[in-house]
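The residues making up each chain are set out below.
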Amino acid sequence: MSEFAAVDVIRAKRDGHALSDAQIDWVVDAYTKGVVADEQMSALAMAILLRGMTPGEIARWTAAMIASGERLDLSAVSRPTVDKHSTGGVGDKITLPLTPLVAACGAAVPQLSGRGLGHTGGTLDKLESVPGWRATLSNDEFVSQLRDVGAVICAAGEGLAPADRKLYALRDVTGTVEAIPLIASSIMSKKIAEGTGALVLDVKVGTGAFMKDEDTARELARTMVELGKAHGVRTVALLTDMNTPLGLTVGNAVEVEESLEVLAGGGPADVVELTLALAREMLEAAGIDADPAKALASGAAMDSWKAMIRAQGGDPGAALPTARETEVLRAERDGVVASIDALGVGLAAWRLGAGRARKEDPVGFGAGVVLKVRPGDAVRAGDVLLELRTDDPERIPAARADAAGAVHVGPDAPAHGPSDRPTATHERTEGPLLIDRIA
Ligand code: URA
């Protein structure tokens, strides 16, 4: 008979008390083993969302989630290891060019990624549009590829932080995702268990992100940086804008194509800017003195991409899937594009089949949205604003409604003034892409 009862732990948090280390260790372990029931953990998650947790509680909760599974040993990898995690955004394909780029500069990048759920895309879904590429590796394959190629993007194994796997699925259906202690411990338990020596966090802020306002995003970033440091992982966070989609593509194969443009030395300037900013942070955290811009220009990053794709069975030269249907959204009047809302475009891409409604649904590899304009562009009535791509024409009307609501064409130049986020062919008018750095 245990000295603990789930109902006492729930009541303690419900009434605003801090949980003891022993209570936390017990409840996380008992939930992972099925001794604490889903309905009890749901009540506790809601109490944590409403009451919060002290830094000490968050640290202990994270440690308990790490202890629920295995911790990977990367000591066979001679290069310094450094990973990046994004809290998720629309058009956020940065992991694709960044991982091989940082590997080309001398680091080893152990990137365990997820699939998309809701309006934000998943890195694994994007990469699975590359013919032959496989997301699942054994721990031995993961470590060998990290040692030999320096870059791996794959699914997290079942043994890594199983408490989080179970709890995250529960939070998803109980309205308890948006709790900073639970988000921070969920992300950091997986990253710490993966064994990386250093970590750079890209915490997104804006309509297309989990965190809609800067203060909450900053609090999440600080909490994660402290957790990383407490576990001996050099951790830095950038706060970056997610009010406008990143780049000109949102979907799966279309985002791989745009990433290839970046690796070939081109691509939209905001994608290049964020890729280089994160690469510089990762290299600094790994103690490597190299210029990632040179590795892009020289083709070294592209070579590293090809090696990474081949190592996981993919054909880097194969044609990417395209959607069967393309429809366009046109401007109804002359004016200037005032804003393009990330959430609306993300929803449109999701409705077109780029994302999934339930985690077992398949995704359409060719589906997505391609932007033909950026905020600040002058347009004439009839000009194409964006393309909607899908395999299933029945998906178009709902996607069109979301997309039309996302693009705002005003009579005049937008109020924000000149862009801080120019693209190769379009001037940006929204605020800066990089908002803050927390170390
Ligand atoms: N990503 C995670 O891995 N966990 C969360 O709780 C939220 C985003």
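Residues numbered from 1 in each chain as written. Predicted model: local features only at pLDDT ≥ 70, side-chain atom pairs only at ≥ 80, totals over all residues. Heavy atoms only, no water.

Re the overall build of the protein
Point 1. Along the backbone of the protein there are 16 helices and 13 strands.
Point 2. Taking 439 residues into account, the globule formula puts the C-alpha radius of gyration at 22 Å, and the protein, at 22 Å, falls close to it.
Point 3. In the protein, which comprises 439 residues, the share counted as buried stands at 55%.
Point 4. When contacts within the protein are restricted to residue pairs at least 6 apart in sequence, long-range pairs at least 24 apart make up 78% of them.
Point 5. A total of about 17,200 Å² of accessible surface is found on the protein, and carbon and sulfur atoms cover 51% of it.
Point 6. Distance between charge centroids for the protein: 1 Å, based on 45 positive and 61 negative side chains. (Helix = DSSP H or I, 4+ residues; strand = E, 2+ residues; numbered from the N terminus. Rg over C-alpha atoms; globule rule 2.2 N^0.38 Å. Buried < 20%, exposed > 50% of the residue type's maximum accessible area, 1.4 Å probe, protein only. Contact = heavy atoms within 4.5 Å. Areas by Shrake-Rupley, 256 points an atom, 1.4 Å probe, with all protein chains shown as cover. Lys, Arg positive; Asp, Glu negative; His and termini not counted. Charge placed at Lys NZ, Arg CZ, Asp CG, Glu CD.)

Digging into the site of the ligand
Point 1. Every residue near the ligand is listed here: Tyr-168, Arg-171, Ile-183, Ser-186, Ile-187, Lys-190 and Phe-210.
Point 2. Take Ser-186: an N or O atom from its side chain is 2.6 Å from a nitrogen atom of the ligand.
Point 3. Lys-190 is positioned such that a nitrogen or oxygen atom in its side chain is 2.5 Å from an oxygen atom of the ligand.
Point 4. Coverage of the ligand by the protein chains reaches 89% of its 240 Å² of free accessible surface.
Point 5. Going through the elements one at a time, helix 8 (162-172) and helix 9 (180-193) are the ones with two or more residues in the shell around the ligand.
Point 6. Residue contributions to the shell around the ligand peak at 4 residues, all from helix 9. (Near = heavy atom within 4 Å. Polar contact = N/O pair within 3.5 Å; in protein donor to acceptor, adjacent residues only side chain to side chain.)

Side note on the nonpolar core
Point 1. Membership of the largest hydrophobic core comes to 77 residues, with the highest contact counts inside it found for Val-102, Trp-305, Val-345, Val-369, Leu-385, Leu-386 and Val-407.
Point 2. Per-element tally for this core: the top contributor is helix 12 (residues 269-286), with 11 residues.
Point 3. Lining this core are residues from two domains, each supplying at least three of them: domain 2 (82-161 + 173-318) and domain 3 (325-415).
Point 4. Sequence-distant contacts of Val-407, that is, excluding residues within four places in its chain, are made with Leu-329, Val-337, Ser-339, Ile-340, Leu-385 and Leu-386.
Point 5. With 61 residues, the next largest nonpolar core counts Ile-10, Met-53, Ile-180 and Ile-187 among its residues. (Core = buried A, V, L, I, M, F, W, Y, C linked by side-chain atoms within 4.5 Å. Domains from an automatic or database assignment.)

Thoughts on the environment of Leu-278
Point 1. Relative to the helices and strands, Leu-278 is located in helix 12.
Point 2. Look at Leu-278 and you get buried, because its relative accessible area is 0%.
Point 3. A C-alpha to C-alpha distance of 17 Å links Leu-278 and Ser-113, two positions 165 residues apart in sequence.
Point 4. Ignoring any residue separated from it by four or fewer positions in sequence, one finds Leu-278 in contact with Lys-84, Ile-94, Leu-98, Val-200, Asp-202 and Leu-238.

Concerning the domain arrangement of the protein
Point 1. The domains assigned to the protein are domain 1 (6-52), domain 2 (82-161 + 173-318) and domain 3 (325-415).
Point 2. The C-alpha-based centres of domain 2 and domain 3 are spaced at 25 Å.
Point 3. Between domain 2 and domain 3, the contact holds 25 residues from the first and 25 residues from the second.
Point 4. Summed over both sides, the interface of domain 2 with domain 3 buries roughly 1,800 Å², with 59% coming from carbon and sulfur.
Point 5. Interface area lost by domain 2 to domain 3 is led by His-119, Leu-248 and Val-250, which between them contribute 27%.
Point 6. Our enumeration of links across domain 2 and domain 3 arrives at 2 salt bridges.
Point 7. Here Arg-356 ties to Asp-125 by a salt bridge, and the two come within 2.9 Å at their closest N and O atoms.
Point 8. When residues of the side of domain 2 that touches domain 3 are traced back to their parent elements, those giving at least two are strand 6 (249-251) and helix 11 (253-263). (Buried area = accessible area lost by both parts, 1.4 Å probe. Salt bridge = Lys/Arg side-chain N within 4 Å of Asp/Glu carboxyl O.)

Quick look at the sheet that holds strand 7 (residues 325-330)
Point 1. Ordered by their spatial adjacency, 4 strands build an open sheet running 6-9-11-7, and the pairing between neighbours is antiparallel. Every other strand in the sheet has two partners, leaving strand 6 and strand 7 as the edge strands with one partner each. When the angles between neighbouring strand axes are averaged without regard to direction, this sheet yields 15°.
Point 2. Bridge analysis of strand 6 against strand 9 (residues 368-371) gives 3 bridges, and the strand direction is antiparallel. The partner of Thr-249 across the bridge, within strand 9, is Val-370.
Point 3. Helix 11 contacts strand 6, strand 9 and strand 11 (384-390) of the sheet and is inclined by roughly 140° relative to strand 6.
Point 4. Sitting on the sheet, helix 16 (residues 396-406) touches strand 7 and strand 11, and the angle it makes with strand 7 is about 30°. (Pairing = 2+ DSSP bridges. Axes fitted to C-alpha atoms, helices over the stretch in contact; angles between N-to-C directions.)

Things to note about the side chain of Thr-223
Point 1. Summarising the element assignment, Thr-223 is placed in helix 10 (residues 214-230).
Point 2. What Thr-223 contacts, discounting residues up to four positions off in sequence, is Ile-58, Ile-180 and Ala-184.

Thoughts on helix 3 (residues 38-51)
Point 1. The first and last C-alpha atoms of helix 3 sit 20 Å apart over 14 residues, in line with the 20 Å expected at 1.5 Å per residue.
Point 2. Taken residue by residue, helix 3 has Met-41, Ser-42, Leu-44, Ala-45, Ala-47 and Ile-48 as its buried positions.
Point 3. Next to the buried residues of helix 3 lie helix 1 (6-14), helix 2 (21-32), helix 4 (55-67), helix 8 and helix 9.
Point 4. A positive backbone phi angle near 80° is found at Gly-52, which sits one or two residues after helix 3. (Expected span 1.5 Å × (residues − 1).)

Comments concerning the pattern of salt bridges
Point 1. On inspection of all chains with the given rule, the structure shows 29 salt bridges.
Point 2. The closest approach of N and O atoms between Arg-134 and Glu-141, which form a salt bridge, is 3.4 Å.
Point 3. A salt bridge links Glu-387 to Lys-372; its shortest N-O distance comes to 3.7 Å. Highlighted residues: Glu-387 in strand 11 and Lys-372 in the loop between strand 9 and strand 10 (378-379), separated in sequence by 15 residues.
Point 4. Residue class for Glu-387 comes out buried when judged on its relative accessible area of 15%.

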